[in-house]
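# Per-entry structural report
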Amino acid sequence: LHAALRGARGQHGLKHGDFQRFRQYCTRRLRRLYKALGFKHGKGVYAKRALQASDVGEGRALLIPAVQAERAWSHAMALRQDLEAAGGQKGRALQRSQLRRKLRKAVKHARALAALCAEDGVCDPRTRAEAEAYAAWMEGTALLEHGP
């Protein structure tokens, strides 16, 4: 899990600090995963469908919540770059709250990944530990941004 996420980060924009490009890659990657795994969201009208342990027949299905978390995290980091570039301009409270919302969403997806890996028979102990560590890192990132 860690190797897959780290490789994607290095190859698709984060080597140069381009969070927008990485977010676009994550969106395309999610679409490809949904299509390859036959994970449909309704016909005509979007119907939210949660990923269950029974859906994880192969390891690629575990990448869905991981890529969702990465997409939300990269969006938050792009917003942070915009805020830092703007300096101390007024009217940036909306962007700051949007950044926090995106980080909360990233934490939610990382926790979902850890919960999915924690179920019996879904993945091996190493992947389970990596998912828990990833969720803890994401929570720490969100708490650092939230501040006191």
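Computed from a predicted structure; not experimentally measured.

## Description of the pattern of salt bridges
Taken as a whole and assessed by the stated rule, the structure comprises four salt bridges. Across the pair E145 and R80 runs a salt bridge whose closest N-O atoms are separated by 2.6 Å. One end of the pair, E145, is in helix α5 (residues 125-146); the other, R80, is in helix α3 (residues 63-86), with 65 residues separating them in the sequence. Exposure remark for R80: the relative accessible area of 25% places this residue in the partly exposed category. R111 serves as the salt-bridge partner of E139, at 3.2 Å between the closest nitrogen and oxygen. Of the two residues, E139 sits in helix α5 while R111 sits in helix α4 (residues 93-118), which places them 28 residues apart along the sequence.

## Remarks on the confidence of the model for the protein chain
When pLDDT is averaged along the protein chain, the result is 86, and 93% of the positions lie at 70 or above. Helix α1 (residues 2-11) is the least confidently modelled element of the protein chain, averaging 80 in pLDDT, while α5 averages 94, the highest of any element.

## Quick word on helix α2 (residues 19-37)
At 3.6 residues per turn, the α-helix brings residues three or four places apart onto the same side. With 19 residues, α2 ought to run about 27 Å at 1.5 Å a step, and its terminal C-alpha atoms sit 27 Å apart, in line with that. All of the buried residues along α2 are F19, F22, Y25, C26, L30, L33 and Y34. Where α2 is buried, its residues touch α1 and α3. Looking at the residues trailing α2, positive phi occurs at G38, about 70°.

Here is what the cut-offs are and how they apply
- Residues numbered from 1 in each chain as written.
- Predicted model: local features only at pLDDT ≥ 70, side-chain atom pairs only at ≥ 80, totals over all residues.
- Heavy atoms only, no water.
- Salt bridge = Lys/Arg side-chain N within 4 Å of Asp/Glu carboxyl O.
- Helix = DSSP H or I, 4+ residues; strand = E, 2+ residues; numbered from the N terminus.
- Buried < 20%, exposed > 50% of the residue type's maximum accessible area, 1.4 Å probe, protein only.
- pLDDT = per-residue confidence, 0-100.
- Expected span 1.5 Å × (residues − 1).
- Contact = heavy atoms within 4.5 Å.

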